[in-house]
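Notes for the structure review
Chain by chain, the residues:
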Amino acid sequence: MAALLPAADKVTFSENIAPIVYDNCVTCHRPGEAAPFPLISYEDVKKRSALIVTVTKSRYMPPWHATHGYGEFADERRLTDQQIATIADWVQQGMPQGDSAKMPKLPQFAEGWHLGKPDLILEMPVGFELPASGPDVFRNFVIPLNLKEDKWVRAVEFRPSARKAAHHALFAYAPAGSMARIDGVDGKPGFGGMGTVGIAPGQGNSGGLGGWAVGGTAEFMPAELAMPLPKGSDFLLQMHFHLTGKPETEKSVVGIYFADKAPERNMTAVGLPSLFGFGAGIDIPPGEKNYTIQDSLTLPVDVKVYGAAAHAHYLAKEIKATATLPDGSIKLLIWIQDWDFNWQEQYTYKQTFVLPKGTRIDAMLRYDNSADNPRNPSNPPKRALFGEESFDEMGGVGLNLITVNKEDEPALQKVLADGAQAAIRRGGADGTAKRYLEHQAARRPAAIAPRSIITLVDRQGKAVRTVGEQGSYSQPALSPDGTRVAVIRNDQGKTHVWVLDLSDGKGTQITSDPAPHTSPVWSPDGKQIAYISNQNEVYRKASDGSGQEELVYKHPAGPAPFITDWSVDGQLCFWSGDAVYALPLEGDRKPVVLFSGAGARGGRFSPDGRYLAFSSNQSGTFATYVMPLKNPAGKPLQVSKDPALGGIFWRGDGKELFFMGLAGLAPNGVLAVDLTLGPELQAGIPRQLFRPTGVNSPAQLSNIASRDGERFVLLAAPPASPR
Amino acid sequence: MRFGYIFVFAGLACAAGKTNVLFFISSDCPISNSYAPEIQHLCGDYGKKGVSCSLVYEDVGIDESSVQKHLKEYGYTGIPIIIDGRRKIATRSRATVTPEAVVIDTKGDIRYRGRIDNFYAALGKPRQQITAHDLRDALDAVLAGKPVPNPETKALGCYIVPPDILGK
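**Section: the overall build of chain A**
The number of helices and strands found in chain A is six helices and 44 strands. Among the 723 residues that make up chain A, the fraction classed as buried is 45%. Counted over contacts in chain A with a minimum sequence separation of 6, partners at least 24 positions apart contribute 66%.

Following this line, the structure appears as structure tokens:
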């Protein structure tokens, strides 16, 4: 070894230092790039020599967070111990310049697009203003794509405009307009938060498109692969900024490179634990320094691995994954020992490798929730649970791989789906699902709905007619005679109950005061509407808008109530918190608890008033239940098999019940189940009628169907229009 | 330690009879720049209490027009500046990093030297929450006539290039 080290008196800038700096530093340390100062000339480097010695010794620079030797990665930004020693020696020796004729050539960097002219160039329509100082900013931007056909993406090249502030970016796609309800509602482009599609579990028809971090350069995927980008999608850009001390404006430009055709194979991201730890029971006590979660997965088929990635929030310290092959040998996949949320990189292996069927992958994440963790977002430390906010935690290792044989794809997908289902069940049982849904509901109030059009569909989900004009609608409810729709309509942030006539689409505004309104429900005779206003007040008013509204009941402060039904015998059904109530409209008007606990919500009376159908997660995941009301000994019967939430409606004869299926945490599909009511309550096997394809599936609050069960009311995405 | 020299080296900076804070900064150091708003807040808050602030530029070879451009870019107004081209003030103050703060009391004694607060736990490792406001604590103590609890802390940022490297 000693012989390889330069003789102590021979370290010069030209021969020894410049090659290290040019290979490892100038990509960023040159004018116009993210790093603060250039490191090109002898003077540049000499001036910063003390800093360079310090930051190379501590390995803060070049920034690289994976442990050397745990996976061999392409573009590893890492100096060898010898290079670090050489720099220190050079400084010790007074930084001689040496023979400038022996200087290496300065690397050439492409001007403009690194990968050549993109097939599609996107630009943020409006710049986002960053303040001079404050905590780090996370912001999601929605850029319309207007794709006319499905595409496959080989690379995304990213060019932020606030180069010194932009730290990393994640790319994803989501159904066009699906973010409209939150995009720009605070008066600035985009929306806040660190969780979005590609990161948050359970958001259908969306996916990740890679990412960028300071110092990274865009690369094409291997030729046989590409990422899907369906038509009808918006491009989502989640950015993380460090504020620089002066105001900056971000107006990113994104270049997308398409493949000519669909790829032969689909890259699969295997995440461990499933859904970023949704079902891992993350519950980190304050002060705990060594909280760990672990998960394992045994590969059902041979896979070829391309890369790895890690994700967690601020409390995570250590993230590690290994593979134990069937022959007992161990392959080290990735190990990050000092996790830094600011560096969420995609790590690409220098060479792909095969993990044979039967290989067990183990992932471990360790969290430090003590005050000694300088990244702890809470001071003093606070209990941390699974969630999307910066003070919540989540995390996992992702492996990007394909099955070696194409026909093995379903077998791998099944194992992953089973893992996700198990995680959802565990997350349901330990309260994670409930907290998650409540958080989502709070973040995306029903008051802000995307633009949609009220649409009537048949039992096959085929549109029969649209009603009225496009608008920001939510919570549609069909009148008992099936001729009108009550709905919440949002105009400039004010939410009112409207009634629209199906025959001509004409609308009548029922409510008038500026308080927020939710959950309109029809009286059995169709003459009145009940609704919530002022968060916790129940009102009723004539459905033609005439007369005055009547305050029926005021629920105690706390979780807001939602009305879900109006029975033939004059009771309203509403739920609040985890309890479903019956509220008699005559007499003392004192609500009675029908069922409480286990995420109870969305109750609906059977047409004869003797049964209640409702949603609850008492089994660990949300399901639909039917319970006899007149028989105190009667127990709730689970009538859904797979996860289901809301959208509950009885056919007029009480023999069929409709409800919404749940995929992940998103509604997917209207289901129907046959019921036999009587002393022996019996349910058949649920069947899917159709999968609604809209921006806003039937709400769990509303009368979704007509009494004969032949017509359903949905809020569908408006026809695509150039934006 | 007596600190009389600074009045000679930079006469305009240190008003006699006042508590002075010198902020050692550089225009191309990201950590130094990220503190620009906090430095302005500090000078506003403590200016009302009779403290005099100065910005001491430690960039190698920076000229007056670049300083003016930098001041404008980061919104600095009304704070006297000194270009410490030969590192005389840094050397006398024993400041080694930008940003670093030095507090000199009315008698000319250095009462505090070090970081502004503990936002950075290490280079590249910002805290989510600041838990120690060392400079404010030092100024409060000096103004109250009390001993400074931590008279010396380690500033994190970019090293001030020592004068012996400048000339070579």
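Past the structure itself, the notes keep going.
**Structural notes on the overall build of chain B**
Helix and strand content of chain B: seven helices and nine strands. For chain B, the residues scored as buried account for 44% of the 168 residues in total. Considering only contacts in chain B between residues 6 or more positions apart, those separated by 24 or more positions represent 74%.

**Considering the interface of chain A and chain B**
Taken together, the 21 residues of chain A in the interface contact 25 residues of chain B. Among the elements of the structure, helix H2 (42–47) and helix H3 (49–57) of chain A are those that each provide at least two residues to the side of chain A that touches chain B. It is H3 of chain A that provides the largest number of residues to the side of chain A that touches chain B, a total of three residues. Within the side of chain A that touches chain B, the residues separate by chemical class into 11 nonpolar, five polar and five charged.

**Looking at the packing of helix H1 (residues 13–24) of chain A against helix H4 (residues 81–92) of chain A**
Residues and elements named next belong to chain A. Packing of H1 against H4 brings their axes to within 10 Å, and their N-to-C directions diverge by 130 degrees. Between H1 and H4, the crossing angle belongs to the class labelled oblique. In this structure, H1 crosses over H4, and the sense of that crossing is left-handed. On H4, the residues touching Asn16, Ile17 and Ile20 of H1 are Gln83, Thr86, Ile87 and Trp90. In terms of residue class, the contact of H1 with H4 is built from four nonpolar, three polar and no charged.

**Regarding the environment of Pro104 of chain A**
Residue and element names in this part refer to chain A. Among the secondary structure elements, Pro104 is positioned in the loop between H4 and strand S1 (120–123). Each C-alpha atom, one on Pro104 and one on Ser14, is 7.3 Å from the other, the two residues being 90 residues apart in sequence. With near-sequence residues (within four places) excluded, Pro104 lies in contact with Ala18, Pro19 and Tyr22.

**Some details on the nonpolar core**
All names here are of chain A. Ranked by internal contacts, the top residues of the largest apolar core, which has 74 residues, are Val485 and Leu657. Each residue touching Val485, except ones within four places of it in the same chain, is listed here: Ile454, Val467, Pro476, Ala477, Leu478, Leu500, Leu502 and Val713. By size, the runner-up hydrophobic cluster in this structure holds 50 residues, among which are Leu275, Val305, Tyr367 and Ile402.

**Side note on H1 of chain A**
Think of an α-helix as turning once every 3.6 residues; residues three or four places apart then point the same way. Burial in H1 of chain A covers these residues: Phe13, Ile17, Ala18 and Ile20 of chain A. An end-on view of H1 of chain A places all buried positions within 160 degrees of arc, on one side of the element.

**Structural notes on the pairing of strand S28 (residues 528–533) of chain A**
Residues and elements named next belong to chain A. Of all six residues in S28, five are buried; the element is thus mostly enclosed. As paired strands, strand S27 (residues 517–522) and S28 are joined by four bridges and run antiparallel to one another. Following the sheet pairing, Val521 is matched in S28 by Ala530. Counting the residues in the hairpin turn of S27 and S28 gives five residues, including Gly526, whose phi is positive at 75 degrees. Inspection of the sheet shows S28 paired to strand S29 (residues 537–542) by six bridges, in the antiparallel sense. Each residue of the ladder has a partner; that of Ile529, found in S29, is Lys541. The turn joining S28 and S29, which pair antiparallel and follow one another in sequence, is formed by three residues; a positive phi near 55 degrees is taken by Asn534.

**Concerning the sheet that holds strand S8 (residues 227–229) of chain A**
Residue and element names in this part refer to chain A. Strand order in the open sheet made by the four strands is S1-S11-S4-S8, with antiparallel pairing throughout. Strands with a single pairing partner mark the edges of an open sheet, and in this sheet they are S1 and S8. Each strand axis lies, on average, 45 degrees off the axis of its neighbour in the sheet, ignoring direction. Pairing between strand S4 (residues 151–159) and strand S11 (residues 253–258): six bridges, direction antiparallel.

**Brief notes about the confidence of the model for chain B**
All names here are of chain B. Looking at chain B as a whole, its pLDDT mean stands at 88, while 89% of the residues score no less than 70. Predicted confidence for residues 1–13 stays below pLDDT 50, and this span has 25 contacts to residues more than four positions away or in other chains. For this predicted complex, the interface score ipTM comes out at 0.86, alongside a pTM of 0.68.

**Focus on unusual backbone geometry**
Among all residues except glycine, the phi angle is most often negative; among peptide bonds, the trans geometry is most common. All names here are of chain A. Put simply, Met61 and Pro62 share a cis peptide bond, and its omega is -15 degrees. Its location among the elements puts Pro62 in the loop between H3 and H4. Asn379 connects to Pro380 through a cis peptide bond whose omega is -5 degrees. In this structure, Pro380 sits in the loop between strand S19 (360–367) and strand S20 (384–385).

**What about the environment of Phe391 of chain A?**
All names here are of chain A. Residue position: Phe391 is located in the loop between S20 and strand S21 (395–403). Separated by 13 residues in sequence, Phe391 and Ser378 place their C-alpha atoms 6.8 Å apart. Sequence-distant contacts of Phe391, defined by excluding residues within four places in its chain, comprise Pro377, Ser378, Lys382 and Ala384.

The rules behind the values
Residues numbered from 1 in each chain as written. Chains lettered and ligands numbered in written order. Predicted model: local features only at pLDDT ≥ 70, side-chain atom pairs only at ≥ 80, totals over all residues. Helix = DSSP H or I, 4+ residues; strand = E, 2+ residues; numbered from the N terminus. Buried ≥ 20, exposed ≤ 12 C-beta atoms within 10 Å, placed from the backbone. Contact = placed C-beta atoms within 7 Å. Nonpolar A, V, L, I, M, F, W, Y, C, P; charged D, E, K, R; others polar. Axes fitted to C-alpha atoms, helices over the stretch in contact; angles between N-to-C directions. Parallel < 35°, antiparallel > 145°, perpendicular 65-115°, else oblique. Left-handed = near helix turned anticlockwise from the far one by under 90°. Core = buried A, V, L, I, M, F, W, Y, C linked by C-beta atoms within 7 Å. Arc of directions from axis to C-beta. Pairing = 2+ DSSP bridges. pLDDT = per-residue confidence, 0-100.

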